[in-house]
Amino acid sequence: MPPDYWQTLRLTLALAACTTVLLLGLGIPVAYALAHTRSRLRPLAEAVVSLPLVLPPTVIGFYLLLAFSDSTALGRFLSNQLGLSLNFTFTGILLGSLVYCLPFMVQPLQAGFAQVPRSLTEASYTLGKSRLTTLWRVLLPNMKPALLNGAVLTFAHTLGEFGVVLMIGGSLPGRTRVASIAIYDEVQSLHYDQANAYALTLLVLAFVILVGLYWFTKKDATRRLL
Amino acid sequence: MIDLHLIKALHTAAGPRTLDVRLTLPPGEVLALSGPSGAGKTTLLRLLAGLSRPDGGFLQVEGQVWYSHERGQWLPPQRRPLGFVFQDYALFPNMTVRENLAFAAEGQPQARQIIDGLLELLELTELAPRRPAALSGGQQQRVALARALARRPRLLLLDEPLSALDLATRLRLQQALADIHREFKLTTVLISHDPAEIARLATRVVELDLGQVVRVGPPVPVAALGTTVGGRVVAVLPGGHLRVQLGGSATLVEVPAPTGPPYAPGDELALSLAVVPARRD
């Protein structure tokens with residue numbers, strides 16, 4: 001067992017859990033807006049949300065690194081006005097993984113919104129319910145598989161994140177060193193056994209998560225977004 | 001009293017048309033909308049409910065302006081005291097029958113009594129703890145009706161409420177609708193293709209075609225119809241015969257085509273049945 005195995009694992013799971021919870025809050029309004037807008041700019045917005053799917057993670061990491069550094073206006077604003085120094089911190093890699101995982105949350109949710117029959121929303125409106133009440137009590141409860149799908153994909157995807165975290169966070173044990181980076185470090189130092197401990201953990205975790213997802217959504221035909 | 005003049009662009013199979021309808025409904029009237037598909041019936045119902053926005057005109061209900069193009073006023077559906085029964089029922093799958101009604105009755109004084117009363121009226125008390133997925137079509141339709149009434153609406157809108165049901169269920173629900181109208185005296189607008197149904201329920205019929213009113217008048221009385229069953233042409237057979245699907249059922253009959261313009265598959269018609277005693281050998 002590597003010396004800081006538990007510390008690294010705790011950090012990895014904390015990053016995945018925080019990313020998932022925050023992205024649920026952020027992804028629901030974004031997906032709702034994308035599913036319901038009639039704006040001509042929708043393809044543009046969808047492209048922005050989905051960009052992290054096709055960009056190399058190092059590209060995202062690189063620009064976030066620049067944005068957070070003192071050499072840019074944003075970075076200076078963050079550190080001088082808000083006292084936030086994000087590079088090489090947990091908050092920094094959390095922000096990075098929010099950007100990186102956005103499409104994994106938004107896409108299943110958007111599909112979920114689209115699949116709830118329009119007449120349910122309209123029925124709720126004719127019963128005097130506001131958009132927010134309708135969202136909370138009619139739409140979301142009737143798209144639980146999509147919510148589960150988005151949450152699980154985001155969680156699992158954050159576990160496997162490498163490029164973004166490495167660019168923004170580096171590899172500071174206990175602060176930014178997550179399991180996928182630890183594997184890389186251990187291999188660099190030729191500690192194959194220790195790398196294997198992390199790799200096997202991630203493998204088992206990812207497998208169990210996916211089996212769980214497919215088990216709980218086996219009745220739902222729209223689940224296979226992965 | 002409902003006073004309306006509603007204008008809205010229609011996209012029909014025959015190309016773009018304009019829905020342009022002027023009507024006045026006295027309180028308690030049951031108005032049937034009929035006409036071929038694409039005539040604008042559902043559009044008119046949605047404009048009344050506020051689910052679509054008109055392009056012009058006005059809509060005034062009991063002295064309250066729901067829409068006025070001139071004054072730039074439009075009341076969103078949430079603020080219109082109406083009940084809408086959707087063609088696909090639109091019951092909330094995540095709620096039981098009782099919860100569907102409770103959701104609708106929220107904010108009403110004595111919501112519990114209203115719900116219990118409606119469950120009893122529509123014979124749903126036994127089904128109250130079930131979810132919509134565990135109900136038959138006719139049962140779902142009764143829940144949809146009860147839910148629409150739970151908000152104590154002033155106006156009831158029904159979009160082909162019985163079209164997907166078999167004949168027996170249909171007749172039972174027509175009776176339920178007639179009872180409800182007697183009890184609540186609601187101004188009602190319903191879309192229907194079935195002359196017998198219109199005769200049983202409506203006080204007036206408006207026939208629409210391509211967005212225009214082509215006929216307004218009292219429904220053809222049931223007696224004149226004899227016993228009629230609505231049907232849909234599924235095939236035109238050689239020798240001037242039609243294969244017709246009866247009501248919402250799977251039953252097919254072959255009948256001689258009526259004189260006049262030729263029928264095509266998909267056309268709606270009404271069959272008059274002669275009732276004779278069954279032979280007992």
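Residues numbered from 1 in each chain as written. Chains lettered and ligands numbered in written order. Predicted model: local features only at pLDDT ≥ 70, side-chain atom pairs only at ≥ 80, totals over all residues. Heavy atoms only, no water.

- If you check an unreviewed UniProt entry, chain B appears there as ATP-binding cassette domain-containing protein from Hymenobacter ginkgonis.

- Per an unreviewed UniProt entry, the recorded name for chain A is Molybdenum transport system permease, and the organism is Hymenobacter ginkgonis.
- Comment text from UniProt for chain A, heading Function (unreviewed entry), reads "Part of the binding-protein-dependent transport system for molybdenum; probably responsible for the translocation of the substrate across the membrane." (UniProt positions renumbered as here; feature names shortened; annotations may be inferred.)

## Topic: the side chain of N87 of chain A
Stage number 1. Among the secondary structure elements, N87 of chain A is positioned in the loop between α4 (73–80) and α5 (90–115).
Stage number 2. A polar side-chain atom of N87 of chain A sits 3.2 Å from the main-chain carbonyl oxygen of L65 of chain A. (Helix = DSSP H or I, 4+ residues; strand = E, 2+ residues; numbered from the N terminus. Polar contact = N/O pair within 3.5 Å; in protein donor to acceptor, adjacent residues only side chain to side chain.)

## A closer look at the UniProt feature "transmembrane region" (unreviewed entry) in chain A
All names here are of chain A.
Stage number 1. Feature annotation in UniProt places "transmembrane region" (unreviewed entry) on residues 12–35, 47–68, 88–106, 146–168 and 197–216, given in this structure's numbering.
Stage number 2. A helix fraction of 89% and a strand fraction of 0% characterise residues 88–106, whose end C-alpha atoms lie 27 Å from each other.
Stage number 3. Across residues 197–216, helical content stands at 100% and strand content at 0%; the span's end C-alpha atoms are separated by 29 Å.

## Here's the deal with the nonpolar core
Stage number 1. Residues F113 of chain A together with L59 and L157 of chain B are the most contacted members of the largest nonpolar core, which totals 108 residues.
Stage number 2. Tallying contributions element by element places α5 of chain A first for this core, with eight residues.
Stage number 3. The contact partners of L59 of chain B, leaving out residues within four places of it in the chain, are I2, D3, L4, L6, L47, L48, Q64, V65, W66, Y67 and R80 of chain B.
Stage number 4. By size, the runner-up hydrophobic cluster in this structure holds 13 residues, among which are L9, L159, I183 and Y198 of chain A. (Core = buried A, V, L, I, M, F, W, Y, C linked by side-chain atoms within 4.5 Å. Buried < 20%, exposed > 50% of the residue type's maximum accessible area, 1.4 Å probe, protein only. Contact = heavy atoms within 4.5 Å.)

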